[in-house]
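For reference, the chains in residue letters:
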Amino acid sequence: MQTTTRVAVIGGGVVGASVVYHLTKLGWSDVMLLERSELTSGSTWHAAGGFHTLNGDTNMAALQGYTINLYKELEEITGLSCGLHHVGGVTLADNQDRFDMLLAERAKHRFMGLETEIVGPDEIRKIAPVTNTDGILGALYDPLDGHLDPSGTTHAYAKAARMGGATIETHCMVRETNQRPDGTWDVVTNKGTIHAEHVVNAGGLWAREVGAMAGIYFPLHPMEHQYLVTEEVPLIAEMMADGKEHPHVMDPAGESYLRQEGRGLCIGFYEQPCRPWAVDGTSWDFGQDLLPNDFDKIEQSIDFAYKRFPDLERAGVKNVIHGPFTFAPDGNPLVGPVPGVRNYWSACGVMAGFSQGGGVGLMLAQWMTQGETERDTMAMDVARFGDWITPGYTLPKVIENYQKRFSVAYPNEELPAARPNRTTPMYDIFTDMGAVWGQQYGLEVANYFAEGDEPTYETPSFRRSDAFAATAREVKAVRNAVGINEVQNFGKYRVSGPRARAWLNRIMAGRVPAPGRLSLTPMLSPKGRLIGDFTISCLAEDHFQLTASYGAQAFHWRWFLHHQEEGVTLCNISDQRTGFQIAGPFARKVLAACTRSDISDMRFLDVRRMTVGMADCIVQRVSYTGDLGYEIYCDPMSQRALWSTLWAAGQPHGITPFGMRAMMSLRLDKFFGSWMAEFSPDYTAAETGLDRFISFKKNDDFIGRAAAEADRDKGPARRLVAFEVDAEDADVQGYEPIWLDGKVVGFCTSGGYSHHAGKSIALGFLPSDRVAENPDVEIEILGQMRRAKVVTEPLFDPEGTRMRG
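Residues numbered from 1 in each chain as written. Predicted model: local features only at pLDDT ≥ 70, side-chain atom pairs only at ≥ 80, totals over all residues. Heavy atoms only, no water.

## Regarding the overall build of the protein
Along the backbone of the protein there are 22 helices and 37 strands. Taking 2.2 N^0.38 as the reference for a compact globule, 805 residues should give roughly 28 Å; the C-alpha atoms of the protein span a radius of gyration of 27 Å, in line with that estimate. Over its C-alpha atoms, taken along the principal directions, the protein stretches across nearly 85 × 60 × 50 Å. Taking as baseline every contact in the protein between residues at least 6 positions apart, the subset at least 24 positions apart corresponds to 72%. Total accessible area on the protein is roughly 30,000 Å²; 48% of this is exposed by carbon and sulfur atoms. Taken together, the 76 basic and 101 acidic charged side chains of the protein have centroids lying 6 Å from each other. (Helix = DSSP H or I, 4+ residues; strand = E, 2+ residues; numbered from the N terminus. Rg over C-alpha atoms; globule rule 2.2 N^0.38 Å. Contact = heavy atoms within 4.5 Å. Areas by Shrake-Rupley, 256 points an atom, 1.4 Å probe, with all protein chains shown as cover. Lys, Arg positive; Asp, Glu negative; His and termini not counted. Charge placed at Lys NZ, Arg CZ, Asp CG, Glu CD.)

As structure tokens, this is what we get:
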């Protein structure tokens, strides 16, 4: 066995095999795959082998499409069969909410180039005759759906990797991973020690144990999963005699998936009385094993399936496959460089390995060989969970995710498991004031405050929710008086030291402000993609505070540490600095009543230290509401005292607490973009308009400068614009297609209802050569074409006199 390698991939399931194949495909041939037993000796070998493109995240759906299309390429390269069955599939909807979800997904597929379609009950019976369509409104048909041979596919990946130069060592048990001072790794195995520049954890069921060898906790948990294979079904036998194969059927109401298997049927369940497996760790002795049959936990699921698929009840059970596979808390994979650990990469938690494994391998290989991926991978980035996550949080969230695998995914839904977890000192005060809570990055964040008869629970919906009136009331309070909310849900970082300014000029594309001032700036990847949307506050010549998305802090912190240099001290102070925002026409009067400092000359984008009440604070004049406003930061120990001061001073001015629902409506009045909606690694600064904050005049060679200059000189092919939409009871959520001249020419990034203007607003991309026309377009919302017109003047304070005056 060789003793050195550029990359050691640990785990020989379909994901590990995909990673080594894609690394060789992108030019890294010195890679090794280490498997403790035989290839496929984990979840892979007993997988049902189904694949599909349906996913709530468009980038994940696109990567699933890539994975599916890759299989024919693998067969051509290797001469091995993946056992492909491209039979298509239907996902059923038995109520309006499920049907709305399918309509929303179909709309997304239009601009993604996926050829799905909505079909009615008559068509369903023709496509999938085993289905009883009583009570079914319709379905989404996807011709790419199908299934394959898990073992054959994994071996095809492995052979293709070997052909590219990779080495695959089976019966090679990894016992330790020890990092050297230079960041490389000693991988200790039963066959000897391998010195590797990089380690990839593709351990599957054992990913937690492999991570623990390096002192890393991966938020994963295995769940028991059971599916059945029947004896011959006459209807299937008849179809086969006619040269046909029955397509897949996903029945969310019955929490089941069904496909043909030989002359019978295969059906699996995501049952509510589910069971976690190996709670305290996966045994190294477990391998190509199955769990004991457990019909009790799927009894209700089977009863429902007999009604939906009557042929099942008349067929005997041939085989029962009951085995574990892993989930992350939100069901998506954990992929990418592990924050805070050099040269350690994750390819774990890929519960849908045959739908996602190819895309995971491609993204990780691009990340390793090129420094970044071709598309936004935030939905599966291992950094989307911070160091606050624990096994005690992971387990209930994984159970919840399993149980909701086939549930409707609403845009405004707040899932309850493992909550509340992380709270600020204001949690009980706000709860007593009627706060209706959401969560971000494990933190409880107020969505709105219920008063009187307003609902204390926001009913999930694709349409305007029952929080509409409460949100309108809070918006009105901000625009006409003064509103207050927390600023805890910002990521915050302290940058200090003699080279702090020089470092920021290299890391950030925008201008670094002078002492006492702040600036807005994008942060770019080397390819010019947006990886951050920051406010820089200069507290002193060598002392800065950065603020950005709270949910992206592990992502951003990883980037900062990767680029840290001598003379720069970095500290993530996201939970060490909290406070409030006050916004509205009376905000200045409220703040002036709380401090002895003179704020009459405090300009827009000024930042000052001052005492507010009894609290030592950093106060900056800026507001995401687009109104006159201030962000007031303090130590968490002072937050309740600061609240008492601001709340008392605000009483004469009608001060009102407001939440994130109101905030997201208020920002639409000014067409302000939002992180991971308008601003993400899928887009460039020029496309989104953030290029106006890039300082091309500064002499520093900031990261992404060459790409940003090329984008500026050439001009982007698309631009972000705002629309006023002729909507009824449903507003744009994101990724709805934009139609012009009978063609899909763009898509929406986000939208909602402007309660101030009384209009439905959307933000989205149009081709640059059509923007100047201010064309009337149509936006497809839940299957309905809605007229929309481009608007260029903000709906509130278009001259910025209130915000800046």
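## Digging into the pairing of strand 11 (residues 192-201)
Here six bridges tie strand 1 (residues 4-10) to strand 11, and the two strands are oriented parallel to one another. Note that in strand 11 the partner of threonine 4 across the bridge is histidine 195. In the sheet, strand 10 (residues 185-189) pairs with strand 11 via five bridges, with the strands oriented antiparallel. Bridging across to strand 11, aspartate 186 finds its partner in histidine 195. Where strand 10 folds back on strand 11, the antiparallel hairpin that results is connected by two residues. (Pairing = 2+ DSSP bridges.)

## Notes on the sheet that holds strand 37 (residues 784-791)
Within the closed barrel, the six strands sit side by side as 32-35-34-33-36-37. Their pairing is antiparallel. Each neighbouring strand pair of the sheet contributes to a mean axis angle of 45 degrees, computed without reference to strand direction. Here helix 18 (residues 660-669) sits on the sheet in contact with strand 34 (743-754) and strand 35 (759-767), set at roughly 120 degrees to strand 34. (Axes fitted to C-alpha atoms, helices over the stretch in contact; angles between N-to-C directions.)

## Digging into helix 20 (residues 705-714)
One full turn of an α-helix is made of 3.6 residues, so residues set three or four places apart face in the same direction. What helix 20 keeps buried is the set Arg705, Ala708 and Asp711. With its buried residues spanning 130 degrees around the axis, helix 20 presents them on a single face. The outward face of helix 20, more than 90 degrees from its buried face, is lined by the exposed residues Ala706, Asp713 and Lys714. Its buried side turned inward, helix 20 meets strand 23 (518-524) and helix 19 (685-688). (Buried < 20%, exposed > 50% of the residue type's maximum accessible area, 1.4 Å probe, protein only. Arc of directions from axis to C-beta.)

## Quick look at the packing of aromatic side chains
Counted according to the given criterion, the structure contains 33 aromatic pairs. Ring geometry for phenylalanine 327 against tyrosine 402: centres 5.6 Å apart, planes inclined by 70 degrees, an arrangement best described as edge-to-face. Taken as a pair, phenylalanine 327 in strand 16 (residues 317-327) and tyrosine 402 in helix 11 (residues 391-403) lie far apart in primary sequence, 75 residues in all. Of the two residues examined, phenylalanine 327 and tyrosine 402, each falls in the buried class. (Phe/Tyr/Trp six-rings, centres within 6.5 Å; stacked < 30°, edge-to-face > 60°.)

## A word on unusual backbone geometry
The step from arginine 419 to proline 420 runs through a cis peptide bond, and the omega angle for that step is -5 degrees. On the secondary structure map, proline 420 appears in the loop between helix 11 and helix 12 (427-432). For asparagine 343, which is not a glycine, the phi torsion comes out positive at approximately 60 degrees. Among the structural elements, asparagine 343 can be located in the loop between strand 17 (334-337) and strand 18 (344-348). Looking at asparagine 343, the relative accessible area reads 21%, which means it is partly exposed. The backbone of leucine 605 sits at a positive phi, close to 75 degrees, despite the residue not being glycine.

## Digging into the nonpolar core
In this structure, Phe218, Tyr344, Val495, Leu504, Met508, Leu546 and Phe560 are the most contacted members of the largest nonpolar core, which totals 79 residues. The greatest single-element share of this core, amounting to five residues, is contributed by strand 24 (residues 530-540). Excluding anything up to four places from it in sequence, valine 495 contacts Ala500, Trp503, Leu504, Asp542, His543, Phe544, Leu546, Val568, Thr569 and Leu570. (Core = buried A, V, L, I, M, F, W, Y, C linked by side-chain atoms within 4.5 Å.)

## Here we look at the sheet that holds strand 22 (residues 490-496)
Within the open sheet, the five strands sit side by side as 23-24-25-22-26. Their pairing is antiparallel. Sheet topology places strand 23 and strand 26 (569-572) at the edges, where each strand pairs with a single neighbour. This sheet shows a mean twist of 25 degrees between the axes of neighbouring strands, independent of strand direction. Bridge analysis of strand 22 against strand 25 (residues 543-549) gives seven bridges, and the strand direction is antiparallel. Residue pairing for strand 25: lysine 492 is matched across the bridge by threonine 547.

## What about the pattern of salt bridges?
Counted under the stated rule, the structure contains 47 salt bridges. Of the charged contacts in the structure, one is a salt bridge between arginine 640 and aspartate 428, with a shortest N-O distance of 2.8 Å. You can see arginine 640 sitting in helix 17 (residues 639-650) and its partner aspartate 428 sitting in helix 12, a full 212 residues away along the chain. Assessed through its relative accessible area of 37%, arginine 640 is described here as partly exposed. For aspartate 428, a relative accessible area of 38% translates into the label partly exposed. (Salt bridge = Lys/Arg side-chain N within 4 Å of Asp/Glu carboxyl O.)

## What about the packing of helix 1 (residues 14-25) against helix 10 (residues 353-370)?
Where helix 1 meets helix 10, the axes come as close as 8 Å, and the angle between the chain directions of the two elements is 40 degrees. It follows from the interaxial angle that helix 1 and helix 10 lie oblique. Between helix 1 and helix 10 lies a crossing of right-handed hand. Contact residues: helix 1 offers Val14, Val15, Ser18, Val19, His22 and Leu23, while helix 10 offers Gly353, Phe354, Gly357, Gly358, Val360, Gly361, Leu362, Leu364, Ala365, Met368 and Thr369. Here the contact of helix 1 with helix 10 is composed, by residue class, of 10 nonpolar, seven polar and no charged. (Parallel < 35°, antiparallel > 145°, perpendicular 65-115°, else oblique. Left-handed = near helix turned anticlockwise from the far one by under 90°. Nonpolar A, V, L, I, M, F, W, Y, C, P; charged D, E, K, R; others polar.)

## Quick notes on helix 10
In this model, helix 10 (18 residues) spans 24 Å end to end at C-alpha, consistent with the 26 Å of a helix rising 1.5 Å per residue. Counted residue by residue, helix 10 has 16 buried out of 18 residues, so it is predominantly covered. After helix 10 finishes, the residue glycine 371 shows a positive phi value of roughly 90 degrees. (Expected span 1.5 Å × (residues − 1).)

## A short note on the side chain of threonine 5
As for its position among the elements, threonine 5 is in strand 1. Within the local environment of threonine 5, its side chain forms a polar contact with the backbone oxygen of aspartate 30, the two atoms lying 3.1 Å apart. Non-local contacts of threonine 5, meaning those with residues more than four positions away in its chain, are made with Asp30, Val31, Met32, Ile194, His195, Ala196 and Glu197. (Polar contact = N/O pair within 3.5 Å; in protein donor to acceptor, adjacent residues only side chain to side chain.)

## A few points about the side chain of glutamate 224
Checked against the element boundaries, glutamate 224 lands in strand 12 (residues 221-230). Residue classification places glutamate 224 among the buried residues on the basis of a relative accessible area of 13%. Here the side chain of glutamate 224 touches histidine 322 through a polar contact of 3.4 Å, side chain to side chain. For glutamate 224, the residues in contact, after removing those within four places along its chain, are Glu271, Arg275, Pro276, Trp277, Leu291, Lys297, His322, Gly323, Pro324 and Tyr402.

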